[in-house]
Amino acid sequence: MSAFTEKLLKRLINTPFYFGQILVEKSDKGFLLRHRNDEGPKHLQTFRNAQHAIDIAKYDDAGNYRPLKTAPNLRHGWRLELDTADELSRALDYFYPGRLAVFAAWKNGVVQTTALRETLTRQSGMYRVAAKISDSQINDVVSDFCRSEGGCLRTILWKRDADGAIASAKLANEKFDPGIDQVQPSARPGSAIPATVPLICQEACNLLIAECRKVVKGE
């Protein structure tokens, strides 16, 4: 755990908070994690090791494999009890790889973003053709693949190109605002609502690059 992440986590764990589809709370013995939409920790399957997060995050409720861990389809029906902040950090990284560290970097003003065009031009092999995608095609594919409802829960910080064009004009402004809860974008902070840690997206992922390739290839 980096110094940035450790410092951030010490602040976060004082009160309940949402991390994607997960609710994190302090417990008598350490920390309790569960799906934020589960009514309560009773009658849920209990796990007590951070590594169990890997299996919990692997499949959705229907048993389908989840290639994109930030997709809004984390399965229900579990509770994860952890003893230490270090275990909590590891579990959150298993659920949403790299997102806690990126959020800590963003909070400290040191996160670096990469424009989609730059990411595409550095591709090689079978993905090199993805760089030929048009701006209008990018507008469509990003809107479809990255939308919070049914797509991805990350908050997009990267731009389409070096000129600073928005990733997709078809996405709502809330998609680019780290202050908005992507699980429930209509919700606003209030006394009864836990703090929300955004899943920051600083660069297009490999799955989006693959989608761009499919568009160019006409698949």
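*Asks:* Explain empty space enclosed by the protein to me, and be specific about the residues and the numbers.
*Replies:* For the structure shown, the criterion picks out two cavities of 30 Å³ or more. Considering the residues around the largest cavity, the lining is formed by 13 residues, among which Cys-146, Cys-152, Arg-154, Cys-201 and Cys-205 are closest to the centre. Quantified by volume, the second largest cavity comes out at close to 70 Å³. Surrounding the second largest cavity, Gly-20, Arg-36, Leu-153, Thr-155, Ile-180, Asp-181, Gln-182, Val-183, Thr-196, Val-197, Pro-198 and Leu-199 form its lining. Grouping the amino acids of the lining of the second largest cavity by side-chain chemistry returns six nonpolar, four polar and two charged.

*Asks:* Report on the pattern of salt bridges, specifying residues and quantitative values.
*Replies:* Counted under the stated rule, the structure contains 13 salt bridges. Connected through shared salt-bridge partners, Arg-117, Asp-135, Arg-160 and Asp-161 make up one network.

*Asks:* Please provide a residue-by-residue account of the nonpolar core, values included.
*Replies:* For soluble globular proteins, the rule of thumb is that nonpolar side chains tend to be buried together. Residues Leu-33, Trp-78, Leu-80, Leu-88 and Phe-95 are the most contacted members of the largest nonpolar core, which totals 33 residues. Once you skip the residues sitting within four places of it in the chain, Leu-80 turns out to touch Phe-31, Leu-32, Leu-33, Phe-47, Arg-48, Asn-49, His-52, Ala-53, Ala-91 and Phe-95. One finds Ala-71, Val-141, Trp-158 and Leu-208 within the second-largest nonpolar core, a separate group that totals 23 residues.

*Asks:* How would you explain the pairing of strand S3 (residues 31-35) if you had to name every residue and give the values?
*Replies:* Burial analysis of S3 places five of its five residues in the buried class, the great majority of the element. In this sheet, S3 lies alongside strand S2 (residues 22-26) in antiparallel orientation, the contact comprising five bridges. For Leu-23, the partnering residue across the bridge sits in S3 and is Arg-34. Here S2 folds back onto S3, and the loop between the two strands holds four residues. Relative to strand S5 (residues 78-82), S3 is paired through four bridges, and the arrangement is antiparallel. Of the residues in S5, the one forming a bridge with Arg-34 is Arg-79.

Analysis parameters
- Residues numbered from 1 in each chain as written.
- Predicted model: local features only at pLDDT ≥ 70, side-chain atom pairs only at ≥ 80, totals over all residues.
- Heavy atoms only, no water.
- 1 Å grid on protein atoms, 1.4 Å probe; cavity = no way out; pocket = protein on both sides within 12 Å on 5 of 7 lines; lining within 4 Å.
- Points joined across faces, edges and corners; volume = space filled by probe spheres on them.
- Nonpolar A, V, L, I, M, F, W, Y, C, P; charged D, E, K, R; others polar.
- Salt bridge = Lys/Arg side-chain N within 4 Å of Asp/Glu carboxyl O.
- Core = buried A, V, L, I, M, F, W, Y, C linked by side-chain atoms within 4.5 Å.
- Buried < 20%, exposed > 50% of the residue type's maximum accessible area, 1.4 Å probe, protein only.
- Contact = heavy atoms within 4.5 Å.
- Helix = DSSP H or I, 4+ residues; strand = E, 2+ residues; numbered from the N terminus.
- Pairing = 2+ DSSP bridges.

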